Amino acid sequence: QSVNQRIKEAAPVTASLVFGGAVLWMILGLSIGIFSALKPRSLVDRFAMVFVLIGVSAHPVWIGLILEYTFGVKLGWTPIAGYANFFGAASDSGQAGGPWQWFYHMILPWCTFALLFAALYVRMIRANVMETMNEDFVRTARAKGAPERQVIRSHILRNSMLPIVTILGMDIGLALGGAIFTESIYSLPGLGRQVLQSYENFDLPVIQGIVVFSTLCIILINLIVDLLYAVVDP
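Caption draft 1: Representation of unusual backbone geometry in the model. For S187, which is not glycine, the phi torsion reads 55° and is therefore positive. As for its position among the elements, S187 is in the loop between α6 (148–185) and α7 (191–200). Exposure remark for S187: the relative accessible area of 30% places this residue in the partly exposed category. One non-glycine residue, F202, lies in the positive phi region at around 55°. Of note, F202 is situated in the loop between α7 and α8 (204–232).

Caption draft 2: Quick peek at the side chain of S198. Inspection of the secondary structure puts S198 in helix α7. Sequence-distant contacts of S198, that is, excluding residues within four places in its chain, are made with R6, D203, V206 and I207.

Caption draft 3: The arrangement of α7 in detail. When we look at burial in α7, the residues that qualify are L191, G192, Q194 and S198. What you see down the axis of α7 is that its buried residues fit within an arc of 160°, all on one side. Directly after α7, the chain includes F202, whose backbone phi takes a positive value near 55°.

Caption draft 4: Focus on the nonpolar core. Ranked by internal contacts, the top residues of the largest apolar core, which has 49 residues, are W25 and F113. Only α1 (3–38), α2 (43–57), α3 (60–74), α4 (99–133), α5 (136–143), α6 and α8 provide two or more residues apiece to this core. The biggest single contributor to this core is α4, with 14 residues. In contact with W25, other than residues within four places in its own chain, are V18, F113, A114, F117, A118, Y121, L168, D171, I172 and A175.

Caption draft 5: View of the side chain of T112. Along the chain, the position of T112 falls in helix α4. Those residues within four positions of T112 in sequence are excluded, and the remaining contacts are P60, I63, G64, L67, T182 and Y186.

Caption draft 6: Inspection of the packing of aromatic side chains at higher detail. All chains considered together, the criterion is met by 9 aromatic pairs. Both rings, one in F71 and one in W77, keep their centres 5.9 Å apart while their planes meet at 40°; by these two values the pair is tilted. Seen in terms of ring centroids, F103 and W110 are 5.7 Å apart; in terms of plane orientation they differ by 65°. Their pairing is edge-to-face. In this structure F103 comes out as partly exposed when scored by relative accessible area, which is 36%.

Caption draft 7: Spotlight on a nonpolar patch on the surface. A contiguous nonpolar patch, built from L220, L223, I224, L227, L228 and V231 and spanning about 580 Å² of accessible area, is present on the exposed surface. With respect to the secondary-structure elements, L220 resides in helix α8.

Caption draft 8: Region of the structure containing the pattern of salt bridges. Inspection of the entire model under this criterion finds 1 salt bridge. Ionic pairing is found between D136 and R139, a salt bridge with its closest N-O pair at 2.5 Å. With D136 and R139 both in helix α5 and 3 residues apart, this pair spans about one turn of that helix. D136 sits in the exposed class, given a relative accessible area of 53%.

Caption draft 9: Examining α8 more closely. End to end, α8 covers 41 Å across 29 residues, agreeing with the expected 42 Å (1.5 Å per residue, within 8%). Residues V206, G209, I210, S214, I221, V225 and V232 constitute the buried set of α8.

Caption draft 10: Representation of the packing of α1 against α4. The N-to-C vectors of α1 and α4 enclose an angle of 35°; their axes lie 5 Å apart at closest approach. Viewed along their axes, α1 and α4 form a crossing whose handedness is right-handed. Residues belonging to the contact of α1 with α4 are distributed by class as follows: 26 nonpolar, 6 polar and 1 charged.

What counts, and at which threshold
- Residues numbered from 1 in each chain as written.
- Predicted model: local features only at pLDDT ≥ 70, side-chain atom pairs only at ≥ 80, totals over all residues.
- Heavy atoms only, no water.
- Helix = DSSP H or I, 4+ residues; strand = E, 2+ residues; numbered from the N terminus.
- Buried < 20%, exposed > 50% of the residue type's maximum accessible area, 1.4 Å probe, protein only.
- Contact = heavy atoms within 4.5 Å.
- Arc of directions from axis to C-beta.
- Core = buried A, V, L, I, M, F, W, Y, C linked by side-chain atoms within 4.5 Å.
- Phe/Tyr/Trp six-rings, centres within 6.5 Å; stacked < 30°, edge-to-face > 60°.
- Patch = residues over 30% accessible without salt bridge, like charges linked within 9 Å, V, L, I, M, F, W, Y side chains within 5 Å.
- Areas by Shrake-Rupley, 256 points an atom, 1.4 Å probe, with all protein chains shown as cover.
- Salt bridge = Lys/Arg side-chain N within 4 Å of Asp/Glu carboxyl O.
- Expected span 1.5 Å × (residues − 1).
- Axes fitted to C-alpha atoms, helices over the stretch in contact; angles between N-to-C directions.
- Left-handed = near helix turned anticlockwise from the far one by under 90°.
- Nonpolar A, V, L, I, M, F, W, Y, C, P; charged D, E, K, R; others polar.

In C-alpha cells form, the structure reads like this:
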C-alpha cells in the first residue's frame, strides 16, 4: 500500500478520537470550571480541585485499563476494543458499522482521552473567569443594571474564553501525538497505532508521511482558531 492510502484509512479514526475527545473535555472543562469560579471554596469548587488532581496525575494508559476493566469487563456496558465505521461499512475484522456502533465503541476512548485535558481546562477556565470577574468593565456592567446572566454570558465568559481558544488550538495538535496511547489500549486502527507498527517494522516512509500530515493538520487547526477569535469576542 502507498503511504497516502495508509493515512487515508487511519486518519478518520484518529480524527474521531481527537475531536470527539475535545468536545467532551470542553464540555467538562467549561461546566465544572465556570461553576467552580462562580462559587469559590464551595463543595463544587472542592470537587473540581480533586478532579484536577486526579486528571493531571493519572496516565492515560492506567485510566484506560481501569475504565476497560470496570465498564467493559465487570459491568459489560461498553466494548473494550475495536472500531466501528461511522458510515455503516463493516470493518476488515467483520465489525458492524453505523453511527450508533461508532458512538458505542468510542465512549471509553473519549473518556480516557479527555480526562487529562478536561482537568487542565477546569483549572485554566476557573482562573480566567475569576480574574475577569474582577475587571472594571464587569463592575461597570453591573453598576449600569445589566442582568447577572447577561454579565456572565456577554462580559465574563467571552473575554475569559480568548486564552482558552488559543490553547485549544495548540492542544488539539498535541492530542494528535497523544492519541498513540489511547489507540493502543483500545486497538483503534488510527495514526498512533500506525506509527507504532511502522516503528516496530522500521517503516520510515510511513512515519515521515504521518509526521507531515499531522503538521499540516496543526497548521490548519491554528488558522481556524485565529478566525474563531472574531466569533468568540466580536
